[in-house]
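Summary of structural features
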Amino acid sequence: MPKVEITVPEHLEMQIAQMVEKGEFLNREEAIEDLLSTGMKAYKTSGPKEEEEGPEFEEESMMGHEDEYVF
């Protein structure tokens, strides 16, 4: 599985840590993976916002870079 390094605001890190402490996830990595996956599914369901549709969005997307992610 590819590894991705991200930087998140402190308040998000605290929320993730609380979820792990409450037992909602086994560890930080599982929490981040599950939350990211859920967000991706929600995005696919709702689709891109109107202002993101069009050739400018496609040119700036990660088209052609299957294993590269930029946050």
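The structure under discussion appears in the preceding block.
Numbers given to residues run from 1 along each chain, matching the order in which its sequence is written. Local features are withheld for residues below a pLDDT of 70 in this predicted model, meaning they are given only at 70 or higher, and side-chain atom pairs are given and counted only at 80 or more; totals for whole chains, interfaces and linings count all residues. To obtain the side-chain values, all non-hydrogen atoms of the structure were included, while hydrogens and water were left out.

Looking at the overall build of the chain
Put simply, DSSP marks the helices as runs of H or I at least four residues long and the strands as runs of E at least two long, and each gets a number from the N terminus on. Check the secondary structure of the chain and you find three helices and zero strands. Written out in order from the N terminus, the α and β elements of the chain read α-α-α. Per-residue accessibility, obtained with a 1.4 Å probe over protein chains only, is compared with the maximum for each type, and a residue is labelled buried under 20%, exposed over 50%, and partly exposed between these values. The proportion of buried residues among the 71 residues of the chain is 4%. Entry remark: accessible area of the chain is about 6,700 Å², with carbon and sulfur atoms responsible for 53%. Reported accessibility uses the Shrake-Rupley method at a 1.4 Å probe radius. Residues are deemed covered only where the shown protein chains occlude them.

Comments concerning helix 1 (residues 10-21)
End to end, helix 1 covers 16 Å across 12 residues, agreeing with the expected 16 Å (1.5 Å per residue, within 8%). Of the residues trailing helix 1, glycine 23 is marked for its positive phi of about 90°. Helix span, as expected, comes to 1.5 Å for every residue beyond the first.

Things to note about a nonpolar patch on the surface
Any residue with relative accessible area above 30% and no salt bridge may belong to a patch, with like charges joined within 9 Å and the nonpolar Val, Leu, Ile, Met, Phe, Trp and Tyr side chains within 5 Å. What makes a salt bridge here is a side-chain nitrogen of Lys or Arg within 4 Å of a carboxyl oxygen of Asp or Glu, nothing more. Taken together, the side chains of Val4, Ile6, Val8 and Leu12 present a nonpolar region at the surface, about 270 Å² in accessible area. Along the chain, isoleucine 6 falls in the segment before helix 1.

With respect to the pattern of salt bridges
The tally for this structure, following the rule as stated, stands at one salt bridge. In this structure, the salt-bridge partner of glutamate 13 is arginine 28, at a minimum N-O distance of 3.2 Å. Of this pair, glutamate 13 sits in helix 1 while arginine 28 is found in helix 2 (residues 28-46), placing the two residues 15 residues apart along the sequence. Given a relative accessible area of 25%, glutamate 13 falls into the partly exposed group. On the accessibility criterion, arginine 28 (40% relative accessible area) is partly exposed.

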